[in-house]
Amino acid sequence: MWEYTETVMDHYKNPRNVGEMENPSAIGEAGSLVCGDALKLFLKVDEKGVITDAKFQTFGCGSAVASSSILTEMLKGKTIEEAQKITNQDIADALGGLPPEKMHCSVMGHEALESAIANYKGEDCDTHCDEKIICKCYHVTENTLREAVEQNNLSDLEDVMNYTKAGGACGQCHVAVQKIIDELKNKKEKVDIKNMSITQLVLKINNVIEKYISNELRKDGGDIELIDVKENKVYVTLKGMCKSCKFSSNTLKNFVEASLKEHISPDIEVVEV
Amino acid sequence: MENRVVYLDNNATTMVDPLVFEEMKPYFCDLYGNPSSMHEFGGHVMKAVNKAREQVKEFLGAKDAKEIIFTASGSEGDNMAIRGVLEANKNKKHIITTKIEHPAVLNVYKYLEKQGYEVTYLDVDSQGNLDLNQLSESITEDTALVSIMYANNETGVILPVEKAAKIVKQKNPKIKFHTDAVQAAGKIPFDVKNTEIDLMTIAGHKIHAPKGIGALYVKTGTLLPAFVIGGHQERGKRAGTENVPYIVGLGKACELAQKSMEFELNEVKRLRDKLENGILKTIYNAKINGSTTNRVPNTTNIGFQYIEGELILLHLSDLGICASSGSACTSGSLEPSHVLKSMGVPFESLHGSIRFSLSRFTTEEEIDYTLKVLPEVIFKLNNISPYQRELKALKEKC
């Protein structure tokens, strides 16, 4: 059994604001029958842009119903601008947390909200329309994936699966999903470098050396040692077989520097001492 | 009806029969000797183990008690059989099984595929039945093992394993035939000596023995290497001091299961049918998954269209009713049931499929209570569904 919070249980046992709404100002939809999760959100918005009523219909598990139910509660009284700021994490937090495997329920709530707001603003088609679908089993689009990874700081496939369901069925999209995770991770790490303390940067460099560089060099009987870091300059010395190798300058530029550039920042320059 | 438990999840596990528990008790603090010891104190215990082996033999309809190996679980029996046969036939690299096996078997094949084995997964039709022609056509020179479950754990559908074993042996008597009979045991009678089955797995906790004990039937003449290397126990195939109290419990459970077979086939079936018919009569968006003519007597799998299984289970649980979801959502996987998917169950009922499984301890009152409260739960959940138009159409069709 899942470890649901009291709030989650309260909301699936006694869901608030269930049902269809007559003459809604906006309708938002997320998920599908195929996924095993689907949510329809109805909003009534007054002339000042304040949400005066919210209702929902959900096909899904306990936490899906709870996420929908609490979302309708959260929305009432908010302006559309305020509602737009609600994230999936806010929904999960309002429930006192969700099991990691069920985070996708809060993501679905957020998607339905986005879709309803788009509908309110008269955007013919919500942001997901002509987008690339990455996970065909659960119809998860590239945008949804990127958003989930960025907003929730997801670092591996399993987390992404828990948050978005992507990759949870046939597994064919695992490579594509991993690519997105890696790309965003790299991007994030690269952006951060300028604001990094020297200790942070050294740790990061050491990490890349350990993970991507040392092992490769050791295969050829060599190794590398980090000597110093000054601003964007990384001072290293090659050891073992690499030291006497006539291709060492090549190794340094095309492998060591290239790896550090790829994983940390394109500004990095490697100097041999 | 307050605080009661109506246990309709007997395919997951069963209550230990109090008579089984009574039989086990002396072997903890009083008769604790090692069956292999030379003294009489151990000798007594050896007799108890021998008696249990005899009881299991009788239950399975085996020829000789030597054909019974005690294991710790159904999964262990399956592993021992499958991996043992392959180890004993190292030059053959092909296995045939079905798409609807239990994960205890399917995951072994996934592992073996990585080791270079080729696995053919046989299809089932919409009723959950096997196509024996496909089996026949799948057999090759390279086939070492065919493994087909006796009855499916989710739908209760019985597979034609005896016929399948015959087909396999006609094609090539050297191919070994294994059946995971965990879900068939205690629900339909066995007479394994008059079949061409070489290996058969059962698990104690599905037949009112405790968890942590099972047995593997190994037909005389079937080569199987040691699964646990060590002492001479279980004819050297599974070393380790015997789990005496549990072995005694399994023996007793087998004896009781055999004695209750008539009851199972008539009374348990009557209650299952009452539950099933009652649900179909009162709930318009309910549909049976799988064949109803060829099923173990205790199981029904019902798809509630346009609502989701976990939600149904949570609401039933609040009312004290324990059932299980066909959708594996509840077991931590996001994927819906591989069994129902293989049968082509449509999405509108795939995610809302619930398995009710009875036992000889299920009472008429429990079934009546379930029939009383279940429709209220389903109709409440129908109201939450976004598929109101579809539900309305179903209702009108009724």
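Residues numbered from 1 in each chain as written. Chains lettered and ligands numbered in written order. Predicted model: local features only at pLDDT ≥ 70, side-chain atom pairs only at ≥ 80, totals over all residues. Heavy atoms only, no water.

1. Quick notes on the overall build of chain B
Each helix and strand counted, chain B has 14 helices and 13 strands in total. Taking 21 Å as the expected radius of gyration for a compact globule of 398 residues, we find that chain B reaches 22 Å, a close match to that expectation. Taken along its principal axes, the extent of the C-alpha atoms in chain B is 70 × 55 × 35 Å. Counting the 398 residues in chain B, one finds 60% classified as buried. Look at the contacts in chain B between residues 6 or more apart in sequence, and 72% of them connect residues 24 or more apart. Split by element, the accessible area of chain B, about 16200 Å² in all, is 52% carbon and sulfur. When the 47 basic and 49 acidic side-chain charges of chain B are each reduced to a single mean position, those positions are 2 Å apart. (Helix = DSSP H or I, 4+ residues; strand = E, 2+ residues; numbered from the N terminus. Rg over C-alpha atoms; globule rule 2.2 N^0.38 Å. Buried < 20%, exposed > 50% of the residue type's maximum accessible area, 1.4 Å probe, protein only. Contact = heavy atoms within 4.5 Å. Areas by Shrake-Rupley, 256 points an atom, 1.4 Å probe, with all protein chains shown as cover. Lys, Arg positive; Asp, Glu negative; His and termini not counted. Charge placed at Lys NZ, Arg CZ, Asp CG, Glu CD.)

2. Some details on the interface of chain B and chain A
Reports of interface size often rely on the accessible area that becomes lost once the parts have come together. The partner chain A presents 31 residues to the 24 residues of chain B that form the contact. A combined buried area of about 2300 Å² lies between chain B and chain A, and 64% of that area is made up of carbon and sulfur atoms. For the pair chain B and chain A, the number of links is two salt bridges. The interface formed by chain B and chain A contains 13 residue pairs in polar contact (both at pLDDT 80 or more). Looking at the side of chain B that touches chain A, the elements with two or more residues in it are α10 (309-318), α12 (347-350) and α13 (364-384) of chain B. The element best represented in the side of chain B that touches chain A is α10 of chain B, accounting for five residues. Classifying every residue of the side of chain B that touches chain A gives eleven nonpolar, seven polar and six charged. (Buried area = accessible area lost by both parts, 1.4 Å probe. Salt bridge = Lys/Arg side-chain N within 4 Å of Asp/Glu carboxyl O. Polar contact = N/O pair within 3.5 Å; in protein donor to acceptor, adjacent residues only side chain to side chain. Nonpolar A, V, L, I, M, F, W, Y, C, P; charged D, E, K, R; others polar.)

3. A short note on the side chain of aspartate 37 of chain A
Residue and element names in this part refer to chain A. Mapping aspartate 37 onto the fold places it in strand β2 (residues 37-45). Take aspartate 37: its relative accessible area is 5%, and that puts it in the buried class. Among the polar contacts made by the side chain of aspartate 37, one reaches the side chain of lysine 165 at a distance of 3.2 Å. Those residues in contact with aspartate 37 that sit more than four places away from it in its chain are Ala30, Gly31, Ser32, Phe59, Gly60, Cys61, Ala64, His104, Met108 and Lys165.

4. Concerning the packing of aromatic side chains
In the structure shown here, the tally under the stated rule is seven aromatic pairs over all chains. Ring plane angle 80 degrees and centroid distance 5.8 Å describe the contact between phenylalanine 59 of chain A and tyrosine 387 of chain B, whose orientation is recorded as edge-to-face. Separated into two different chains, phenylalanine 59 of chain A in strand β3 (residues 51-59) and tyrosine 387 of chain B in the loop between α13 and α14 (388-397) make up a pair that spans both. Note on accessibility: phenylalanine 59 of chain A and tyrosine 387 of chain B belong to one class, buried. Measuring from centroid to centroid gives 5.8 Å for tyrosine 284 of chain B and phenylalanine 379 of chain B, while their planes differ by 15 degrees, and the two rings are stacked. Of this pair, tyrosine 284 of chain B sits in the loop between α9 (261-282) and β9 (286-288) while phenylalanine 379 of chain B sits in helix α13, and the two are 95 residues apart along the sequence. Taking relative accessible area as the criterion, phenylalanine 379 of chain B reaches 31% and is therefore assigned partly exposed. (Phe/Tyr/Trp six-rings, centres within 6.5 Å; stacked < 30°, edge-to-face > 60°.)

5. Details of the pairing of strand β4 (residues 118-122) of chain B
As a general feature of sheets, a regular strand has side chains that alternate between the two faces. Residues and elements named next belong to chain B. Taken together, the five bridges between strand β3 (residues 94-98) and β4 define a ladder with parallel strand orientation. Looking across to β4, one finds that isoleucine 95 is bridged to valine 119. One crossover worth recording links β3 to the parallel β4 by way of helix α5 (residues 103-114), and it is right-handed. (Pairing = 2+ DSSP bridges. Right-handed = clockwise from strand over helix to strand, strands pointing away.)

6. Side note on the domain arrangement of chain B
Residues and elements named next belong to chain B. Structurally, chain B comprises domain 1 (6-14 + 261-397) and domain 2 (18-259). Relative placement of domain 1 and domain 2: their C-alpha centres are 29 Å apart. At the junction of the two partners, domain 1 supplies 29 residues and domain 2 supplies 34 residues. Across the domain 1/domain 2 interface, buried area totals approximately 2700 Å², and carbon plus sulfur atoms make up 53% of it. On inspection of domain 1 and its partner domain 2, the count reaches zero salt bridges. Linking domain 1 with domain 2 are 19 residue pairs in polar contact (both at pLDDT 80 or more). Residue assignment for the side of domain 1 that touches domain 2 shows that the elements contributing at least two residues are α9, β10 (299-304) and α11 (338-342). Taken together, the residues of the side of domain 1 that touches domain 2 sort by class into nine nonpolar, 16 polar and four charged. (Domains from an automatic or database assignment.)

7. Here we look at the pairing of strand β7 (residues 199-203) of chain B
All names here are of chain B. With five of five residues buried, β7 is to be regarded as a mostly interior element. Pairing between β7 and strand β8 (residues 214-218): five bridges, direction antiparallel. Bridging across to β8, isoleucine 202 finds its partner in alanine 215.

8. Some words on the nonpolar core
A general tendency of soluble globular proteins is for nonpolar side chains to be buried together. Leu41, Leu43, Leu75 and Val177 of chain A together with Ile279, Phe304 and Phe356 of chain B are the most contacted members of the largest nonpolar core, which has 85 residues in total. Sorting elements by how many residues they give to this core places α13 of chain B first, with nine residues. In this structure, phenylalanine 304 of chain B is in contact with Ile279, Ile283, Asn285, Ala286, Ile312, Glu348, Ser349, Gly352, Ile354, Phe356, Leu374 and Ile378 of chain B, ignoring residues within four places of it in sequence. Core analysis: the next-biggest nonpolar cluster, separate from the first, contains 63 residues, Met24, Ala52, Val146 and Ile148 of chain B among them. (Core = buried A, V, L, I, M, F, W, Y, C linked by side-chain atoms within 4.5 Å.)

9. Some remarks on the packing of helix α5 (residues 103-120) of chain A against helix α7 (residues 157-164) of chain A
Residues and elements named next belong to chain A. Two numbers describe how α5 lies on α7: the axes approach to 5 Å, and their chain directions differ by 55 degrees. On the basis of their axis angle, the class for α5 and α7 is oblique. Counting all contacts with α5, which are made through Met103, His104 and Val107, the residues of α7 involved are Asn162, Tyr163 and Thr164. Classifying every residue of the contact of α5 with α7 by side-chain character gives three nonpolar, three polar and no charged. (Axes fitted to C-alpha atoms, helices over the stretch in contact; angles between N-to-C directions. Parallel < 35°, antiparallel > 145°, perpendicular 65-115°, else oblique.)

10. A look at the confidence of the model for chain A
Fine structural detail should not be taken from predicted coordinates in areas where pLDDT scores are low. For chain A, per-residue confidence averages 87 on the pLDDT scale, and 95% of positions sit at 70 or higher. Ranking the helices and strands of chain A by mean pLDDT puts β3 of chain A first, with 97, and helix α10 (residues 241-244) of chain A last, with 75. (pLDDT = per-residue confidence, 0-100.)

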